[in-house]
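So the chains spell out like this:
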Amino acid sequence: ELIEIDSCQIADPKIDIGNLNSLKPPTGKKIDAIVGSDGNVDYFIEGRDNFKLVKQEVDGFEFQISPESFWQSHKRAAEVLSEVVFNFARYQNADHVFDLYSGVGLFAARAVSAVGPAGRITMIEESLSATTDAKRVFAEVSNVEVVQGRVEKSLTKFARADVVIVDPPRTGAGAKVLQEIVRLAPRTLIYVACDPAALARDTATLLSSGFKLDSMRAFDLFPMTQHMEVVARWWTCRCPL
């Protein structure tokens, strides 16, 4: 039974639930309510031509994102996760960094200055919407490449990596993706997991492949749910397996 509400305890206060109710989308269609980092609120109704980009700023880097592209729902999640991944990664000058399931490039943005002009960042993402946004966001950054495609297939084109960041969907990275990561023999792997059970399964694969679990942090990014976000740092001896 659907019950109409006039307030939401965990939504941004700028989102007016009463206004949402008054928009009355076509039957079976959804409304996306989005608050940008500039404080502006936009409502996107499925099936209606009201497309515009949403501004999100993290660590001084500005993203212009389409409503279809993924962005963390918790208002501090992007900032917190970006900081943790950056600290865990310990980038070095001239590193080749892979950002897998990269979305619009939240983690890649923070890595650009750390690897320097001699470094290289490869983003791989299947979503056409997200890669379109990422190509626009990084259009003026010459050492960032955006690859649109399935991660396990796209990785086969590369021979090595220094740092790998993997932020898979709730199902986890899975054996095929992890096998490709192992083949690249990065010195550091950062795994961002939205399902600890999937991370536990993939942990067994990484341990058996010679990776060592170094650090782990958990975050309650989904209030009033059982879901947790976990960031784990792995390292390897850089010996191909």
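Residues numbered from 1 in each chain as written. Predicted model: local features only at pLDDT ≥ 70, side-chain atom pairs only at ≥ 80, totals over all residues. Heavy atoms only, no water.

**Some words on the pattern of salt bridges**
Taken as a whole and judged by the stated rule, the model has 15 salt bridges. One salt bridge connects Arg-136 with Asp-133, and the closest N-O pair in it is separated by 2.5 Å. Of this pair, Arg-136 and Asp-133 both sit in helix H4 (residues 128-137), three residues apart, which is roughly one turn of that helix. For Arg-136, a relative accessible area of 36% corresponds to the partly exposed category. On the basis of relative accessible area, Asp-133 is assigned to the buried category, the value being 2%. Among the ionic contacts, a cluster of salt bridges with common partners joins Asp-59, Glu-83 and Arg-110. (Salt bridge = Lys/Arg side-chain N within 4 Å of Asp/Glu carboxyl O. Helix = DSSP H or I, 4+ residues; strand = E, 2+ residues; numbered from the N terminus. Buried < 20%, exposed > 50% of the residue type's maximum accessible area, 1.4 Å probe, protein only.)

**Re the pairing of strand E6 (residues 120-125)**
Counting buried residues along E6, five of its six residues qualify, which places the element largely inside the surrounding structure. Pairing between strand E5 (residues 96-100) and E6: five bridges, direction parallel. Directly across from His-96, in E6, lies its bridge partner Arg-120. Crossover handedness for the path E5 to helix H3 (residues 106-115) to E6: right-handed. Bridging between E6 and strand E7 (residues 144-148) involves five bridges; their strand directions are parallel. Each residue of the ladder has a partner; that of Met-123, found in E7, is Val-146. Running through H4, the crossover from E6 to the neighbouring parallel element E7 is right-handed. (Pairing = 2+ DSSP bridges. Right-handed = clockwise from strand over helix to strand, strands pointing away.)

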